Amino acid sequence: MRSQFVAAAVPFLLLVSALAQEAPRVSEEARRLHQDAFVFDGHVHMINRQLHLGGNIGDRLSDGQVDLPRMKEGGVDAFFMTLFVMEQYYPARYETKQTLRLMNMAIDQLTQNREVVELALNASDIERINRAGKMAAVLDLEGSFDLDGDLHVLRSLHRLGLRVVQLPAHNWGNEYADSCCAPARWHGLTEHGRAVVREMNRLGMVINVSHASDETLAQALEVSTQPIVATHHGLRSLNDIPRNMPDDLLKKLAAKGGVIGFHIGNAFHNRRQFEWLSKQAGRPFWDTSEVAEEKARLSIHEIDRRVASLFPMVGPVTPDDLLMSVDEWVGVVDRAIQVAGEDHVALGSDFDGGPTPARHMRDVRDLAMITDAMLRRGYSKDRIRKFLGGNLMRVFRQVTSTPG
């Protein structure tokens, strides 16, 4: 979710130390349902922290919001393992090199933790891995693999195991698709951007339109022959910011068979907290204006040193009276179901991508709080299972069944 520049602007002492908080209470019915359900999180930041700070994803960490032990406690069965190419790497055109570094680190970390987690390339892999009692990780790129959208680079990354790619370059402009949060250059997709969409369809790669402009999202839906996913999002009808999706595009996304994953952070759904956060930081969370062109003269190692202090990326501690409850968070999902139907909503937490979760939610361990709130709202178990993982798995199965 959150711009690394906002994280830098918020005083370090405000960052969440979630492990010190008491575990929230969850009903026994919700706990059983959550543990029995297939839980597929569509957006979990991992690897960037390890690249910059060292350590292992299999270690239980004393800070941040995600690691393999806590994911296991949270009942996660599969997840899009998000590798984030930050804007600082774009001016000097290090984005492809950074993608390869993150891919290499991810594969190494998964190999080191193969008793707990395994790389999945398709839905059958996820099912096989889960039957073995392990979590399944799907490699997901947030940001640009190449600002020019080189199809040869895209094909190479697919061969290495990448299965989910963000169409825009996070909150930055690229040469083929407009972002929600940078000045429009193309009014959506260029002709090459359309070729990128078609090639991802051919390869069997999931197209992620989170961070896309409205025009980019609408045009991608027109071009794609496969469902599209907005992995971590919110609703503009509830918080009118460019990072959120308007109802008309949500309906079109659903009509194409796609899903919207709901971000766990307050700033997407809770106007009061968004305004408080923007005031604290002096800018909205998507603002990348501090990435100055002089960074084009920095070495990649100097950029590494400058961004290392931004990890782990967690949201600031917010006064309780500004935080939404988990029940209110589920109310956002409920609104989306009213607009698009229960087959088109999913979980896309963005843990360790900068969210401040709902009141009393510490980190990924507490996902069962959502299940509990959905039961209180009267959701059927079938609807809850769809949200927790069934809907995203359906799209992932359909898209990756295309021969590569």
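Residues take numbers from 1 onward in each chain, read along the sequence in its written order. pLDDT decides what is reported in this predicted model: residues at 70 or higher carry local features, side-chain atom pairs at 80 or more are listed and counted, and totals for whole chains, interfaces and linings draw on all residues regardless. Computation of side-chain values covers all heavy atoms of the structure but excludes hydrogens and water.

1. Quick word on the pairing of strand β5 (residues 162–166)
Here comes step 1: Any residue under 20% of the maximum accessible area for its type is buried, any over 50% is exposed, and the rest in between are partly exposed; the area is computed with a 1.4 Å probe on protein chains only. Helix and strand assignments come from DSSP, with helices taken as H or I runs of at least 4 residues and strands as E runs of at least 2, each series counted from the N terminus. With five of five residues buried, β5 lies mostly within the body of the structure.
Here comes step 2: Where strand β4 (residues 135–142) meets β5, three bridges bridge the pair, whose relative direction is parallel. Opposite Asp 140, over in β5, you have Val 164 as the bridge partner.
Here comes step 3: With respect to chirality, the unit in which β4 leads through helix α7 (residues 151–160) into the neighbouring parallel β5 is right-handed. Any two strands with at least two DSSP-identified bridges between them are counted as paired. For crossovers, right-handed means that the path from the first strand over the helix to the second runs clockwise, given strands pointing away from the viewer.

2. Comments concerning the side chain of Asn 201
Here comes step 1: Along the polypeptide, Asn 201 turns up in helix α8 (residues 191–203).
Here comes step 2: As used in this structure description, the phrase polar contact means that two N or O atoms lie within 3.5 Å; if the pair is within protein, one of them must be able to donate a hydrogen and the other to accept it, and residues adjacent in sequence are counted only when both atoms belong to side chains. Polar contacts involving the side chain of Asn 201 include one to the side chain of Ser 224, which spans 3.1 Å.
Here comes step 3: Whether two residues are in contact is decided by their heavy atoms, any of which lying within 4.5 Å being enough. Excluding residues that lie within four positions of it along the chain, Asn 201 makes contacts with Ile 207, Val 223, Ser 224, Thr 225, Gln 226 and Thr 402.

3. Points about the pairing of strand β1 (residues 40–45)
Here comes step 1: Within β1, six of the six residues are buried, leaving the element largely enclosed by the surrounding structure.
Here comes step 2: Strand direction decides the pairing type here: β1 and strand β2 (residues 78–84), joined by four bridges, are parallel. Looking at the pairing, Val 44 lines up with Met 81 of β2.

4. A word on the pattern of salt bridges
Here comes step 1: Salt bridges are identified by distance alone: a Lys or Arg side-chain nitrogen within 4 Å of an Asp or Glu carboxyl oxygen. The tally for this structure, following the rule as stated, stands at 34 salt bridges.
Here comes step 2: A salt bridge links Asp 334 to Arg 377, with the shortest nitrogen-to-oxygen separation between them at 3.5 Å. Remark: Arg 377 occurs in the loop between α15 (368–376) and α16 (381–400) and Asp 334 occurs in helix α14 (residues 326–340); sequence separation between them is 43 residues.
Here comes step 3: Looking at Arg 377, the relative accessible area reads 40%, which means it is partly exposed.

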